[in-house]
Each structure stands twice: as structure tokens, then as C-alpha cells.
Amino acid sequence: MKAFERKKKLLNELYFNKVVYVNELAKEFKVSEETIRRDLEKLEKEGIVERNYGGARLLKTEDLPYLVRNTHNKESKLNIAKKIDTFICNDISLFADSSSTVVETLKRFAVSDKKLHVITNAVNALYDLNQSSLEINSTGGKLLKQSYAFIGSQTIESINKFNPDFAIISCKALNRDGIITDSNEEEAYIKQIMMNKAKKTILALDSSKLDKTSLITFGSLSNIDYIVSDNDFDAKFIELLQKKSVKIIN
């Protein structure tokens, strides 16, 4: 097993179990315990884990690499992508952020052979969709490696050139007051600009993110025109959506 494959599996173990043990991982991955200790030491330097006697515990859940986040709630992401695909028509333009849910939506557009003009800061979308029917504009910018996302002044300058029909964004959390939050300040700012520049905004929200709050506030339901989730909303939240004039994509 190559080092990057081992890291991905190790991060998945941490994501789902929160605590891992050196001896168990060494047996599972068929490597030495010293190799696992070195892997955990690297993750500790990245601020993802705290090592302890015999293993390590997860410190961060929101900022795990894209490759790990993309495997979490996969069915929910695919469900959301299908709903948005049904809603979006051909021959429109849109911003797409770098979240795994939105990238799955772009992949769904490609499967449906949609003819769309997409402006995105998602690095992996350039690779995954380069042979699709989608016309892709990359924002360029500084690479945020953990998220496979472009950020920074070049990204912002590029986004500001466009005035698309829609922005499709996701978030780390949406609370019961309608406040939208994320865990990374630079990514949150990119999403905010996309919302401001697009004519309409769609918030893609898997149900695990509802009724929570993350570190950085970048908007509220007042900035959102449409919302789509993998599950039905309860009556109280539907009342809030109606109050904020947010339509549900089913």
C-alpha cells in the first residue's frame, strides 16, 4: 500500500472512529507499527490528530481533506445532486464552490449531458469534468491543498468578472436562526462573493449540517433563493424558510 493510500484509509478510520490504535492499524494495513507512528506524527504536525500512548485521537472533523469528506454521507450528496440537476435547465451560467456536495452536482450535470457555463474554484472538477458537456472556467488562484480549492486574491478577482444566473454553494452548518457558517475563512469569503455576484443562489445542504454552527459566518437565509437537502425539513424550519422567501427544491 502506497503512502497516500495509507493516509486516506487512516483519515477515514479517524473520521468514523475518532480514536485509532497503532497496533490495530499496523495489522490492518500490513505495515510496521513504526510506519503507522510516522504517519500519525505527520498528521499531528498538520494539526489533525493528537497522539497519545498507543495511538491518536482526532482533533478536527471539519477540515479533513476533500478525499475523506467526499466519502462521508455519499448517498446524501448524490440525492441532492439529482434534485438540483432536475431543477437546472440548459444554457445557463453558474458559480460552483469547491464543496464535495457541489462537485457531485457538477458530475451529475455531466451525466445528464447538460450544456452549462460553470465558473468554479474546485480543482478536482477540472480533472473530473474536462471531457464533459460542461463549459468550465477555472478561477485559478492559490491552492488550498486540504480542500482541493483555489483561494486568494486571484480567485476573488476572477469571480468578480462574472455575473452568472446561479451560485450553487454548500456550507459546514446552518443553524435554526438561519445563519450559514463554514470552517475556513478564505473559503467562506469565496462563497460569500459568489452569492453576491450571482442572480440567484442555491444552498446545497445535507441534513447532517442542519441545526449546527461552525466557526465563520458568511451569510444567512436572507442571501439564499433556493435550498435543497437529502431529507424533508420539519414544520418549524419550513416556516423559517417561508419567512425568508427561500424556496425548497424537491
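Residues numbered from 1 in each chain as written. Predicted model: local features only at pLDDT ≥ 70, side-chain atom pairs only at ≥ 80, totals over all residues. Heavy atoms only, no water.

By the naming in an unreviewed UniProt entry, the protein chain is DeoR family transcriptional regulator, taken from Staphylococcus gallinarum.

1. Concerning the UniProt feature "domain: HTH deoR-type" (unreviewed entry) in the protein chain
Under the UniProt annotation, the feature "domain: HTH deoR-type" (unreviewed entry) is placed at residues 3-58. Measuring from the first to the last C-alpha atom of residues 3-58 gives 19 Å, for a span that is 64% helix and 20% strand. (UniProt positions renumbered as here; feature names shortened; annotations may be inferred. Helix = DSSP H or I, 4+ residues; strand = E, 2+ residues; numbered from the N terminus.)

2. Regarding unusual backbone geometry
Positive phi outside glycine occurs at Asp113, with the angle close to 60°. On the secondary structure map, Asp113 appears in the loop between helix 6 (100-111) and strand 5 (116-120). Even without being a glycine, Asp211 presents a positive backbone phi close to 65°. When you line up the elements, Asp211 lands in the loop between strand 12 (200-205) and strand 13 (216-220).

3. A few points about helix 2 (residues 22-29)
Of the residues making up helix 2, those classed as buried are Val22, Leu25, Ala26 and Phe29. Along the axis of helix 2, the buried residues cluster in a sector spanning 100°; they form a single face. Residues of helix 2 that are exposed and angled more than 90 degrees away from the buried face: Glu24 and Lys27. Buried-residue contacts for helix 2 involve helix 1 (3-17), strand 1 (19-21), helix 3 (33-45) and strand 3 (55-58). One or two steps after helix 2, the chain reaches Lys30, where phi turns positive at roughly 60°. (Buried < 20%, exposed > 50% of the residue type's maximum accessible area, 1.4 Å probe, protein only. Arc of directions from axis to C-beta. Contact = heavy atoms within 4.5 Å.)

4. Some details on the packing of aromatic side chains
Counting across every chain of the model gives 4 aromatic pairs. Note on Phe87 and Phe166: the rings are 6.0 Å apart at their centroids and 80° apart in plane angle, and the pair reads as edge-to-face. Of this pair, Phe87 sits in helix 5 (residues 74-87) while Phe166 is found in strand 9 (residues 166-169), placing the two residues 79 residues apart along the sequence. Since its relative accessible area comes to 29%, Phe87 is described here as partly exposed. On the accessibility criterion, Phe166 (13% relative accessible area) is buried. (Phe/Tyr/Trp six-rings, centres within 6.5 Å; stacked < 30°, edge-to-face > 60°.)

5. Let's talk about the nonpolar core
By size, the foremost hydrophobic cluster in this structure holds 28 residues, and its most contacted members are Leu174, Leu203, Leu221, Ile227 and Phe237. Elements that contribute at least two residues to this core include exactly helix 8 (153-159), strand 9, helix 9 (185-197), strand 12, strand 13 and helix 10 (235-243). The leading source of residues in this core is helix 9, at 5 residues. One finds Ala96, Leu106, Val118 and Ala204 within the second-largest nonpolar core, a separate group that totals 23 residues. (Core = buried A, V, L, I, M, F, W, Y, C linked by side-chain atoms within 4.5 Å.)

6. Concerning the sheet that holds strand 11 (residues 179-182)
Taken in spatial order, the 3 strands line up as 10-11-13 in an open sheet, and their pairing is antiparallel. At either margin of the open sheet sits one strand with a lone partner, and together these are strand 10 (173-174) and strand 13. Note that strand 11 and strand 13 share 4 bridges and pair antiparallel. Looking across to strand 13, one finds that Thr181 is bridged to Thr217. Across the sheet, helix 9 touches strand 11 and strand 13, and the angle it forms with strand 13 is around 15°. (Pairing = 2+ DSSP bridges. Axes fitted to C-alpha atoms, helices over the stretch in contact; angles between N-to-C directions.)

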